[in-house]
Amino acid sequence: MPLLITDGTTAREQHTGVIFHEGKITSGTSHVDLRWDQARTAGYGYFTLDLSGIKCEGKELALFGLSAANTPTTVGSYQGYFAHGESIASLSNSSTSDNTNNGAYFRLSAGRNGSHAGRYFGYFKVNIVFPVDSSQTSANVAPSVWWHGTMRTSGVNASHIAGGGTQTMNMSYGIRIGTDDGSTDWTLGSYVLTGYKEG
């Protein structure tokens, strides 16, 4: 239910964020699936995913689209990303940035494995926006995805990470977050998926 904002004589609706999923990882996990198809039908088109205290030692942190229950995308991710920081500071160094064309997933840790040294974990804000409005539900509707965060990664160590792109395959059911290869090396962290109404 929206809030009503008023100046005393007129009022307007103010939609606030609604938390659709939240949880915590405390032992070896390969992935968590977060469904949003019903939220999309109800008019939610802008989502944020907050990831805190992420530990995935020796593996990449990845975000896949879901076209149906337990059906992650296998192609269609187009993106660019970078991780620069403690050991490689310059963005002009080609080893700090890269791209993926028609990949299976978004590379939240910028194509680098977690290297946490027991205590330096990952923190990310991921934005996922569907174009126009929720009436655009076909598989041809490509959402924009962009993220910003920090994590200790292989090679760069303490890293400033960002990336963005789109997914051209159907991800209308939801998203999957976890390790890039499906291994159970994601051992710690919390997640919150919040949705916002359009307009």
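Only a predicted model underlies this, so the values are computations on that prediction, with no experimental measurement involved.

About the cut-offs
- Residues numbered from 1 in each chain as written.
- Predicted model: local features only at pLDDT ≥ 70, side-chain atom pairs only at ≥ 80, totals over all residues.
- Heavy atoms only, no water.
- Pairing = 2+ DSSP bridges.
- Helix = DSSP H or I, 4+ residues; strand = E, 2+ residues; numbered from the N terminus.
- Patch = residues over 30% accessible without salt bridge, like charges linked within 9 Å, V, L, I, M, F, W, Y side chains within 5 Å.
- Areas by Shrake-Rupley, 256 points an atom, 1.4 Å probe, with all protein chains shown as cover.
- Salt bridge = Lys/Arg side-chain N within 4 Å of Asp/Glu carboxyl O.
- Contact = heavy atoms within 4.5 Å.
- Axes fitted to C-alpha atoms, helices over the stretch in contact; angles between N-to-C directions.

A. Representation of the pairing of strand β8 (residues 77-85) in the model. In this structure, β8 lies alongside strand β9 (residues 97-103), joined through five bridges in antiparallel fashion. Opposite Tyr81, over in β9, you have Asp98 as the bridge partner. Here β8 runs beside strand β13 (residues 157-167); their pairing, made up of nine bridges, is antiparallel. In the sheet register, Ser77 faces β13, and the bridge partner there is Gln167.

B. A look at unusual backbone geometry. Its identity as a non-glycine residue notwithstanding, Asn102 has a phi of 65 degrees, on the positive side. In this structure, Asn102 sits in strand β9. One non-glycine residue, Ala117, lies in positive phi territory at about 50 degrees. With respect to the helices, strands and loops of the structure, Ala117 is situated in the loop between β10 (106-107) and β11 (122-129).

C. Structural view of a nonpolar patch on the surface. Nonpolar side chains collect at one region of the surface, where Tyr46, Trp146 and Tyr196 lie side by side and expose about 270 Å² of accessible area between them. Among the structural elements, Trp146 can be located in strand β12 (residues 144-153).

D. Representation of the environment of Ser52. Mapped onto the fold, Ser52 is located in strand β5 (residues 44-55). In sequence terms Ser52 and Val192 are 140 residues apart; their C-alpha atoms lie 8.9 Å from each other. The residues touching Ser52, leaving out its near neighbours within four places in the chain, are Gly122, Tyr123, Gly189 and Ser190.

E. Quick peek at the sheet that holds strand β15 (residues 188-197). Read across the open sheet, the eight strands follow the order β3-β15-β5-β11-β12-β13-β8-β9; overall the sheet is antiparallel. Of all strands in the sheet, those with a lone pairing partner are β3 (18-25) and β9, marking the two edges. Taking the axes of each pair of neighbouring strands and ignoring which way they run, one obtains an average angle of 10 degrees across the sheet.

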